[in-house]
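What follows is the residue order along each chain.
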Amino acid sequence: MGSKWTTMAVLSLASVQGELRFTELKRQMAGISQKMLAQTLKSLERDGLVARRVETTTPPRVHYRLTDLGTSLVPPLLALREWAEQNMRQVQDNANAFDAVTPREGLETTV
């Protein structure tokens, strides 16, 4: 669950009833490459959070949907997103204050 793409994929799949095709999911996830989306979906499928269905057409149509386990992940992800939105400014202010007084690695300081 550490990647932003994983979170985005789960929430994108949660936003629809039923399934999304690979291309529809890619369209919803602005900025993701086809390779990264494929890796993300494979990881989610491996973990049992996403189910994959392939239609044997030419070209094949691949559909994805959340499993029950994947659906159970949605409320905690939404809560985490809400927390991040509420606290983003404070976190950024803390990071800026820390950076202002902490020497960067690799830079020598003189006293």
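Residue positions are given per chain, counting from 1 as you read along its sequence in written order. It should be noted that, the model being predicted, local features are given only for residues of pLDDT at least 70 and side-chain atom pairs only at 80 or more, the latter also being counted only at that level, while totals for whole chains, interfaces and linings use all residues. Heavy atoms from the whole structure form the basis of all side-chain values; hydrogens and water molecules are not counted.

Our next topic: the sheet that holds strand β1 (residues 20-21). Strands were regarded as paired on the criterion that DSSP finds at least two bridges between them. For helices the rule is a DSSP run of H or I covering at least 4 residues; for strands it is a run of E covering at least 2, with both sets numbered from the N terminus onward. Across the sheet, three strands lie side by side as β1-β3-β2; this open sheet has antiparallel pairing. Each having just a single partner strand, β1 and β2 (50-55) make up the two edges of the open sheet. Pairing between β1 and strand β3 (residues 61-66): two bridges, direction antiparallel. Of the residues in β3, the one forming a bridge with leucine 20 is tyrosine 64. Along the sheet, helix α1 (residues 4-14) makes contact with β1, β2 and β3, crossing β3 at roughly 90 degrees. In what follows, residue pairs with any heavy atoms lying within 4.5 Å of each other are defined as contacts. For helices, the fitted line uses only the C-alpha atoms of the stretch in contact; every axis is such a line through C-alpha atoms, and the angle between N-to-C directions lies from 0 to 180 degrees.

For β2 and β3, the ladder comprises six bridges, and the chain directions are antiparallel. Residue alanine 51 lies in a different strand from β3, and its bridge partner there is arginine 65. If you look at the hairpin formed by β2 and β3, you'll find five residues sitting between the two strands.

Here we take up the packing of α1 against helix α3 (residues 34-46). At a minimum axis distance of 10 Å, the contact between α1 and α3 shows a crossing angle of 75 degrees. With respect to α3, the element α1 is oriented roughly perpendicular. When α1 is examined against α3, the residues Trp5, Thr6, Ala9 and Val10 are found in contact with a partner set consisting of Met36, Thr40 and Leu44. Taken together, the residues of the contact of α1 with α3 break down into five nonpolar, two polar and no charged. What sets the label is the angle itself: under 35 degrees gives roughly parallel, over 145 gives roughly antiparallel, 65 to 115 gives roughly perpendicular, and the rest give oblique. In this count, Pro and Cys sit with the nonpolar residues alongside Ala, Val, Leu, Ile, Met, Phe, Trp and Tyr, while Asp, Glu, Lys and Arg are called charged and the others, Gly among them, polar.

A few words now on helix α4 (residues 68-101). In a helix, the anticipated span is given by 1.5 Å times the number of residues less one. For α4, which comprises 34 residues, the first-to-last C-alpha distance of 47 Å matches the rise-based estimate of 50 Å (1.5 Å per residue) to within 8%. Bend at a given residue is defined as the angle between two axes, one fitted to the seven residues that end at that position and one fitted to the seven that begin there. Helix geometry: α4 is bent most strongly at asparagine 87, by close to 60 degrees. Categorising residues by exposure relies on relative accessible area from a 1.4 Å probe, with only protein chains included: less than 20% of the type maximum marks a residue as buried, more than 50% marks it as exposed, and the intermediate range marks it as partly exposed. For α4, the complete set of buried residues consists of Gly70, Leu73, Val74, Leu77 and Asn87. On its buried face, α4 sits against α1 and β3.

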